[in-house]
Amino acid sequence: MVLYLEKLILIFFIYSFCGWFIETIGELIKTKKFINRGFFIGPYCPIYGTGVLLITLLLSKYIADPIALFFLSGLLCGTLEYLTSYLMEKLFKLRWWDYSKMRFNINGRICLETLVLFAFAGPIILGITNPLLENLFYKIPEKAFHTIAFTLTSIFVIDCIFSFNIMNSIKKIKTSVSNQIKDNTIEISTRVKEIIMEKSIYYRRFIKAFPYAFADKLKEGKEKIEKTAERVKEKALNNINEFKEKRSNSLNKEIFLKKYKSKFKLSLMKICKNNKEK
């Protein structure tokens, strides 16, 4: 039983590290800078490890049915990501990530793109990577296995305490500044950033790792409204031009019909006149 739990612990840390590595490399490619993308100080993103544990514990019985495993993996991990985003926002009064600009998102917390990636990950985890890890675990001496699991767990617990204390301090800073500066979102956000940047690197890294959480929401909102207004204006102009074009075509048709009627009438009159003369 103990060995089984320790295997789950190692699986959690291995995949948490893989998630951190993927996100950090992605940020490195995008910004050309190394940024620790994890919520914690250590090189791990627990949401990835937690997702893999849930897939391992709850979906292993579907390994023979890849289609069911595909959809259930996406559903399970999508639910985990949504709940994590919601709970962290309620806990720290900050929105840590936002998919609002991506298509097919739900409240900006999850989006179709990430759900598809999670869905593909399920069969790969249960069919390929987990069996490889199992074989690797068997090669590790039992005493060393206990030591590794205990050491990683101890480090993680200390990291949790330290990181959550920092975030509580940031939350208090934001509350204090909000009470001093009322009804000015941009000024509040700017002042909070200034205070955090004066503190240690452990505080400053949160601004770099989660820029959206410390962004000027009012400024972003104004920019979004301006872009929407521009799109509405452009659409209105297109509709007006389309209406003018249709109206012009309609007038041209009316003129054509009038001319045609006039010519037809003259033709009839000539025919009638010729008939009378005969």
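Treat the numbers as computed from the prediction; the structure is a model and nothing was measured.

Colleague: Describe the packing of helix H3 (residues 66-92) against helix H4 (residues 112-139), listing the residues and the values that go with them.
Modeller: H4 packs onto H3 with a crossing angle of 125° between their chain directions and a minimal axis gap of 7 Å. One finds that H3 runs oblique with respect to H4. Crossing handedness for the pair H3 and H4: right-handed. Residues Pro66, Leu69, Phe70, Ser73, Gly74, Cys77, Gly78 and Glu81 of H3 pack against Thr114, Leu115, Val116, Phe118, Ala119, Phe120, Gly122, Pro123 and Leu126 of H4. Considered class by class, the residues forming the contact of H3 with H4 number 11 nonpolar, 5 polar and 1 charged.

Colleague: I'd like to hear about the environment of Phe21, residue by residue, with values.
Modeller: Within the element layout of this structure, Phe21 appears in helix H1 (residues 2-31). The exposure class assigned to Phe21 is partly exposed, which follows from its relative accessible area of 43%. Separated by 23 residues in the primary sequence, Phe21 and Tyr44 place their C-alpha atoms 7.8 Å from one another.

Calculation rules
Residues numbered from 1 in each chain as written. Predicted model: local features only at pLDDT ≥ 70, side-chain atom pairs only at ≥ 80, totals over all residues. Heavy atoms only, no water. Axes fitted to C-alpha atoms, helices over the stretch in contact; angles between N-to-C directions. Helix = DSSP H or I, 4+ residues; strand = E, 2+ residues; numbered from the N terminus. Parallel < 35°, antiparallel > 145°, perpendicular 65-115°, else oblique. Left-handed = near helix turned anticlockwise from the far one by under 90°. Contact = heavy atoms within 4.5 Å. Nonpolar A, V, L, I, M, F, W, Y, C, P; charged D, E, K, R; others polar. Buried < 20%, exposed > 50% of the residue type's maximum accessible area, 1.4 Å probe, protein only.

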